[in-house]
Amino acid sequence: MAEKDKLSIVLFSGEMDKALAAFMLATTGASMGMEVKIFFTFWGLNVIKRNEGSIRSRGLMRKMLNIINRGGSKRLKISKFHMFGLGTWMIKRLMKDINMLSVEEFIKLSHEMGVKLIPCSTSCGLMGVDQDAFRPEVEPLAGAAYFLAEASTSKVSLFI
Amino acid sequence: MAEKDKLSIVLFSGEMDKALAAFMLATTGASMGMEVKIFFTFWGLNVIKRNEGSIRSRGLMRKMLNIINRGGSKRLKISKFHMFGLGTWMIKRLMKDINMLSVEEFIKLSHEMGVKLIPCSTSCGLMGVDQDAFRPEVEPLAGAAYFLAEASTSKVSLFI
Amino acid sequence: MAEKDKLSIVLFSGEMDKALAAFMLATTGASMGMEVKIFFTFWGLNVIKRNEGSIRSRGLMRKMLNIINRGGSKRLKISKFHMFGLGTWMIKRLMKDINMLSVEEFIKLSHEMGVKLIPCSTSCGLMGVDQDAFRPEVEPLAGAAYFLAEASTSKVSLFI
């Protein structure tokens, strides 16, 4: 029967270090032949927002939120020692030094390897953004039921 | 034999956004016919503490802790952009705007749908609280061994 | 066939409370006869660094990082209410009061119970540390592929 092994990840966090952990696992899984899906929810949506242009959203409060919480793979911060950007800059330098991919590069590689990048529809509703807020590599929105159905048939499910 | 699919969640965090993620998954799982349990541990205990009255606890230090760390579904803060309450207030407004349930409502709905809300006994010992600190919807305390036994027979287990 | 049940944990966080949760689950799992592995990644590496002496690392930036981010089981802070050390001190007092093990003691007990403590090789590369930075209880470094292979055959996998 040899069904393909599946790996399902929820990325709730919008921090650079947690995004790196998610993509490291996702691309490793894909290279091992696993079928990999990442569900981006809440702050995690920031990871897959477009880097360019402004993000359209409905209503004044959501417009404000999407300015404060702009997102985009190139704007993510580390969860500790951000230190007004110094810590994040330092970690990025160290990553380059060992030839680790940036989040931007990981997104592209994941997509090429067939990893599905899926935004959570409820979170999108809450934040007032739609498909247009996201990069072209991103799949159509899906809900929690879709995630649970996937996770139920996955060998590994993780909440990051 | 068509055993019921199970979903087991540890909620370690006491933040509003993570609690919402946990209840969103829990209620979705229940609506799909899954048997769902949430184990509240450490800061997560705050989510299911009573909103009213003071929390009794043993010893001066635990009394202090339970004042600083009062808890209750209506006192939870978001993990980012709390901004002295402004960010949390804003997210609550946005939630209402799209008819998303509050944590308070999610707890009641989960309970009605048969989701089991279980406080971790070791965390309760540490924080010096007992069953009396919790809402009526909450099950008796249980330990890590109970969680692992449940998780071992669950299709999906998540640590939030 | 009665394969041994397996529990695989990623510990990404270097905070005392999350480390306690990981070790509580790990030792409970081991006492139930499960085969337990903890993969320490990113800030989680701090948990298993040696407490004594300085940590050698390559290059000026990594040396700086390993001073700021020194680590060691005895230097971990709680994720909330650290309050310049007061909160962390208080939680440690409360732990002692109920005879809960410290992270230091949990590491030793886990090791004695056969729990494998495994540092993530990519994180070590990033942080510029090698096996020498870790305590004697720690296994050789391993990568994400090893974790996924383990998790795929585990009853329970958690990301903490």
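For the structure itself, look to the data block above.
All of the points below concern the structure found in this document. Fair warning: this is a prediction, and the values are worked out from it, not measured in the lab.

Thoughts on the overall build of chain A
Of regular secondary structure, chain A possesses six helices and four strands. Each helix and strand of chain A, ordered N terminal to C terminal, gives the series β-α-β-α-α-α-β-α-α-β. By its C-alpha atoms, chain A is 50 × 40 × 25 Å across when sized along the principal axes. Split into buried and exposed, the 160 residues of chain A put 59% on the buried side. Taking the contacts inside chain A whose residues are at least 6 apart along the sequence as the reference set, 72% of them involve residues at least 24 apart. About 6700 Å² of surface is accessible on chain A, with carbon and sulfur atoms providing 58% of the total. Positive and negative side-chain charges of chain A, numbering 22 and 15 respectively, have mean locations separated by a distance of 7 Å.

Observations concerning unusual backbone geometry
For Asn99(A), which is not glycine, the phi dihedral falls at a positive 60°. In this fold, Asn99(A) is placed in the loop between helix 3 (86-97) and helix 4 (103-112). A relative accessible area of 68% places Asn99(A) in the exposed class. Despite not being glycine, Phe42(C) shows a phi value in the positive range, around 50°. Within the fold, Phe42(C) resides in the loop between strand 2 (35-40) and helix 2 (60-68). Judged by its relative accessible area of 6%, Phe42(C) is buried.

Let's talk about the sheet that holds strand 3 (residues 116-119) of chain B
Residue and element names in this part refer to chain B. The strand order 3-2-1-4 describes an open sheet built from four strands, whose pairing is parallel. On the outer flanks of this sheet lie strand 3 and strand 4 (156-159), each paired with one strand and no other. Taking the axes of each pair of neighbouring strands and ignoring which way they run, one obtains an average angle of 15° across the sheet. Across four bridges, the pairing between strand 2 (residues 35-40) and strand 3 is parallel. The residue bridging Lys37 from the neighbouring strand is Lys116, located in strand 3. Against the sheet, helix 6 (residues 144-152) contacts strand 1 (6-11), strand 2, strand 3 and strand 4, and its axis sits at roughly 145° relative to strand 1.

What to know about helix 3 (residues 86-97) of chain B
Residues and elements named next belong to chain B. Taking 1.5 Å per residue as the helical rise, helix 3 with its 12 residues ought to reach 16 Å, and the 16 Å between its terminal C-alpha atoms agrees with that figure. Taken together, the buried positions of helix 3 are occupied by Gly87, Thr88, Met90, Ile91, Leu94 and Met95. Seen end-on, helix 3 carries its buried residues on one side only, within an arc spanning 160°. In helix 3, the exposed residues that point more than 90 degrees away from the buried face are Lys96 and Asp97.

Some thoughts on the pattern of salt bridges
For the structure shown, the criterion picks out 30 salt bridges over all chains. The salt bridge partner of Asp5(A) is Lys155(A), with a shortest N-O separation of 3.9 Å. Highlighted residues: Asp5(A) in the segment before strand 1 (6-11) and Lys155(A) in the loop between helix 6 (144-152) and strand 4 (156-159), separated in sequence by 150 residues. The class for Asp5(A) is partly exposed, based on a relative accessible area of 29%. In this structure Lys155(A) comes out as partly exposed when scored by relative accessible area, which is 43%. Residues Asp132(B) and Arg56(B) are paired through a salt bridge, measuring 3.1 Å at the closest nitrogen-oxygen approach. Residue Asp132(B) is found in the loop between helix 5 (121-127) and helix 6, and its partner Arg56(B) is found in the loop between strand 2 and helix 2 (60-68); the two are separated by 76 residues along the sequence.

Some points on the interface of chain A and chain B
If you look at the interface, chain A gives 23 residues, while chain B gives 30 residues. On the chain A side of the interface with chain B, the three residues burying the most area are Met61(A), Leu148(A) and Phe159(A), jointly 26% of the side's total. Run the count over chain A and chain B and you get one salt bridge. For Arg62(A), the salt bridge identified is with Asp97(B), shortest N-O distance 2.7 Å. For the side of chain A that touches chain B, the secondary-structure elements that each account for two or more residues are helix 2 (60-68), helix 5 (121-127), helix 6 and strand 4 of chain A. The element contributing the most residues to the side of chain A that touches chain B is helix 6 of chain A, with seven residues. When grouped by side-chain class, the residues that make up the side of chain A that touches chain B number 16 nonpolar, six polar and one charged.

Things to note about the relation of the copies chain A and chain B
Its rotation angle being 120°, the transformation that places chain A on chain B also includes 0.0 Å of axial translation and leaves an RMSD of 0.0 Å. This pairing of chains is accounted for by a three-fold axis. Interface overlap between copies: only 13% of the residues of chain A at the interface are likewise at the interface in chain B, consistent with a contact formed by different surfaces.

As for the relation of the copies chain C and chain B
You can overlay chain C on chain B at an RMSD of 0.0 Å; the transform is a turn of 120° with a shift of 0.0 Å along its axis. When the interface residues of chain C are mapped onto chain B, a mere 13% of them are again interface residues, pointing to distinct binding faces.

Digging into the side chain of Ser13(B)
Turning to its location among the elements, Ser13(B) is positioned in the loop between strand 1 and helix 1 (16-31). Excluding its chain neighbours within four sequence positions, the residues that come into contact with Ser13(B) are Lys18(B), Trp43(B), Gly44(B), Val47(B) and Ile160(B).

As for the packing of aromatic side chains
Aromatic rings considered in pairs are described by the distance between their centres and by the relative angle of their planes. Within this structure, the stated rule accounts for 24 aromatic pairs over all chains. On the basis of an interplanar angle of 35° and a centroid distance of 6.3 Å, the ring pair of Phe23(A) and Phe40(A) is categorised as tilted. In this pair, Phe23(A) sits in helix 1 (residues 16-31) while Phe40(A) sits in strand 2 (residues 35-40), placing the two residues 17 residues apart along the sequence. Of the two residues, Phe23(A) and Phe40(A), both sit in the buried class. Taken together, a centroid distance of 5.4 Å and an interplanar angle of 70° make the contact between Phe42(C) and Trp43(C) edge-to-face.

Overview of a nonpolar patch on the surface
Where nonpolar side chains cluster on the molecular surface, the patch consists of Ile68(A), Met83(B), Leu86(B) and Trp89(B) and spans about 380 Å² of accessible area. Within the secondary structure layout, Met83(B) lies in the loop between helix 2 and helix 3.

Reading the values: rules and limits
Residues numbered from 1 in each chain as written. Chains lettered and ligands numbered in written order. Predicted model: local features only at pLDDT ≥ 70, side-chain atom pairs only at ≥ 80, totals over all residues. Heavy atoms only, no water. Helix = DSSP H or I, 4+ residues; strand = E, 2+ residues; numbered from the N terminus. Buried < 20%, exposed > 50% of the residue type's maximum accessible area, 1.4 Å probe, protein only. Contact = heavy atoms within 4.5 Å. Areas by Shrake-Rupley, 256 points an atom, 1.4 Å probe, with all protein chains shown as cover. Lys, Arg positive; Asp, Glu negative; His and termini not counted. Charge placed at Lys NZ, Arg CZ, Asp CG, Glu CD. Pairing = 2+ DSSP bridges. Axes fitted to C-alpha atoms, helices over the stretch in contact; angles between N-to-C directions. Expected span 1.5 Å × (residues − 1). Arc of directions from axis to C-beta. Salt bridge = Lys/Arg side-chain N within 4 Å of Asp/Glu carboxyl O. Buried area = accessible area lost by both parts, 1.4 Å probe. Nonpolar A, V, L, I, M, F, W, Y, C, P; charged D, E, K, R; others polar. Least-squares fit on C-alpha atoms with pLDDT ≥ 70 in both. Phe/Tyr/Trp six-rings, centres within 6.5 Å; stacked < 30°, edge-to-face > 60°. Patch = residues over 30% accessible without salt bridge, like charges linked within 9 Å, V, L, I, M, F, W, Y side chains within 5 Å.

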